[in-house]
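# Chains, contacts and geometry: an overview
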Amino acid sequence: MLIQITRAGVSPLDDKVRNGVLPPRMRKPLPLVPGASAVGRVVDPGASEHAPGTRVLLCGWGYGTKLDGMWREEAAVPADHLVPIPEHVGDDDAAALAAGAGYLTAWLALTRVTRVQPGQVVLAPGMYGAVASAAAQVAPILGASRVISTSRGADRLAAIPQTSGLAVIDLETETLAAGVARLTDGAGVDVVLDSLGGELTGQALAALRQGGVVVSIGYTAGTKAAIDVTDLIWKTARLEGFLFTAFTQQELADTYGTLLRHLAEGTLRPATDRVYPLEQAAEAQRRVVEDRPIGRVFLDPQA
């Protein structure tokens, strides 16, 4: 079926693809159209049940990597890769929900990879990233009592929206270990959503309490990590990897359906930074990679 794209997400994944960070098995040979997420309207429903004009969110995996992505005016996609957007949810909010896949990742990681329990504490470093900013809203819905994240500098901390139960450690004035110890009275955290990698992975593992789990999601800070194996052994901890290929297309669609319902109810509040016309895709990518805004960035191919 054919959709007209009204919002196309811009994320660090596009930069990773362009710089050749992904292994060959995870991307198609060039040329490749970037863009992993999109919101649009049905133009030609084909044999699907979607009526022309229906607003839809792309829920398929592999766009912008193994498949041509959404930085274009129209795209032909399978009907089961689309989820209808509730009437009272705007295109910008739906696009911000999907851009960077932070909400989808946080929900699946906290419900399927590790099942967060009521009262537990979640550490999601890198508050300006899609996963951590989403986890700050998703984890409390699932029962977490507190979410801890990180940033650097008073100005960037001040720009973070206030969320009940969220605490942000300023890594310019305090180490991760000291901040977690202070905020948990030395007990540590139950779950870590690690979208940064690098040296932080070992620090996050050390911040776990007994029986805790680190879910490794990304590697913005580097692909090499050093850990103290006693943090695994003495705490009977787990280190789990996360990738969307572990889930079926129906599971992805069902999860986005759940997230869209929470968005319509106001329990999720994704932030938008800027919307650029398609011809300014390079500037949009620069904005994401260099400026690292707290809100999501996307393209409007119809502008």
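Quick note: structure is the one above.
Attention in this report is confined to the structure presented alongside it.

Quick notes on the rules
Residues numbered from 1 in each chain as written. Predicted model: local features only at pLDDT ≥ 70, side-chain atom pairs only at ≥ 80, totals over all residues. Heavy atoms only, no water. 1 Å grid on protein atoms, 1.4 Å probe; cavity = no way out; pocket = protein on both sides within 12 Å on 5 of 7 lines; lining within 4 Å. Points joined across faces, edges and corners; volume = space filled by probe spheres on them. Helix = DSSP H or I, 4+ residues; strand = E, 2+ residues; numbered from the N terminus. Nonpolar A, V, L, I, M, F, W, Y, C, P; charged D, E, K, R; others polar. Core = buried A, V, L, I, M, F, W, Y, C linked by side-chain atoms within 4.5 Å. Buried < 20%, exposed > 50% of the residue type's maximum accessible area, 1.4 Å probe, protein only. Contact = heavy atoms within 4.5 Å. Expected span 1.5 Å × (residues − 1). Axes fitted to C-alpha atoms, helices over the stretch in contact; angles between N-to-C directions. Parallel < 35°, antiparallel > 145°, perpendicular 65-115°, else oblique. Left-handed = near helix turned anticlockwise from the far one by under 90°. Salt bridge = Lys/Arg side-chain N within 4 Å of Asp/Glu carboxyl O. Phe/Tyr/Trp six-rings, centres within 6.5 Å; stacked < 30°, edge-to-face > 60°.

## Looking at the layout of surface pockets
In this approach, a probe sized like a water molecule rolls over the atoms, and the result shows the empty space that is left. Roughly 220 Å³ of volume is contained in the second largest pocket. Lining the second largest pocket are Asp 14, Val 17, Arg 18, Arg 27, Lys 28, Leu 30, Leu 32, Pro 34, Gly 64, Trp 71, Ala 282 and Gln 285. Broken down by secondary-structure element, the contributors of at least two residues to the lining of the second largest pocket are α1 (12-18) and α10 (281-291). Counted by class, the lining of the second largest pocket contains 6 nonpolar, 2 polar and 4 charged residues.

## A word on the nonpolar core
With 54 residues, the main nonpolar core has Leu 57, Leu 97, Leu 110, Leu 193, Phe 242 and Tyr 256 as its most contacted residues. For this core, the elements supplying multiple residues, two or more each, are α2 (91-98), α3 (102-113), α4 (130-141), β9 (189-194), β10 (208-216) and α9 (249-265). Counting residues per element, this core draws most heavily on α3, at 8 residues. Leaving out residues up to four positions away in the same chain, Leu 110 has contacts with Arg 115, Val 116, Val 122, Val 138, Ala 139, Leu 142, Val 191 and Leu 193. Listed in part, the 21 residues of the second largest apolar core include Ala 8, Val 77, Leu 82 and Ala 281.

## What to know about α4
Quick reminder: α-helices carry 3.6 residues per turn. Residues three or four places apart thus point the same way. Here α4 is 12 residues long and its end C-alpha atoms lie 17 Å apart, about the 16 Å a rise of 1.5 Å per residue gives. For α4, the buried fraction is high: 10 of the 12 residues fall into the buried class. Buried residues belonging to α4 abut α3, β6 (121-123), β7 (146-151), β8 (166-170), β9 and β13 (296-300). Two residues or fewer after α4 comes Gly 143, characterised by a positive phi angle close to 110 degrees.

## Quick notes on α3
Of all 12 residues in α3, 10 are buried, a share of seventy percent or more. Turning to α3, its buried residues number three or more, namely Gly 102, Tyr 103, Leu 104, Thr 105, Ala 106, Trp 107, Leu 108, Ala 109, Leu 110 and Val 113.

## Some points on the packing of α3 against α4
Closest axis-to-axis distance for the α3/α4 pair is 8 Å, and the angle between their directions is 50 degrees. Here α3 is positioned oblique relative to α4, judged by the angle of their axes. The hand of the α3/α4 crossing is right-handed. The segment α3 lies against α4, with Gly 102, Tyr 103, Thr 105, Ala 106, Trp 107 and Leu 110 engaging Ala 130, Val 131, Ala 134, Ala 135, Gln 137, Val 138, Ala 139 and Ile 141. Of the residues assigned to the contact of α3 with α4, the class counts are 11 nonpolar, 3 polar and no charged.

## Observations concerning the pattern of salt bridges
Inspection of the entire model under this criterion finds 15 salt bridges. Asp 68 is paired through a salt bridge with Lys 28; the nearest N and O atoms lie 3.6 Å apart. With Asp 68 in the loop between β3 (55-58) and β4 (74-76) and Lys 28 in the loop between α1 and β2 (38-44), the pair connects residues that are 40 residues apart, well separated along the chain. Its relative accessible area of 24% is what places Lys 28 among the partly exposed residues. Asp 91 serves as the salt-bridge partner of Arg 41, at 3.2 Å between the closest nitrogen and oxygen. Note that Arg 41 is positioned in strand β2 and Asp 91 in helix α2, a separation of 50 residues in sequence. Classification of Arg 41 by relative accessible area gives partly exposed; the value is 31%. One network of salt bridges, in which partners are shared, links Asp 273, Glu 283, Arg 286, Arg 287, Glu 290 and Asp 291.

## Remarks on the packing of aromatic side chains
The relative placement of two aromatic rings is captured by the distance of their centres and the angle of their planes. Using the criterion set out here, one finds 2 aromatic pairs in the structure. Taking 5.3 Å as the distance between ring centres and 80 degrees as the angle between the ring planes, the aromatic pair formed by Phe 242 and Phe 244 counts as edge-to-face. There is no split in this pair, since Phe 242 and Phe 244 are both buried. Aromatic pair Phe 242 and Phe 247: ring centres 5.7 Å apart, planes at 45 degrees, arrangement tilted.

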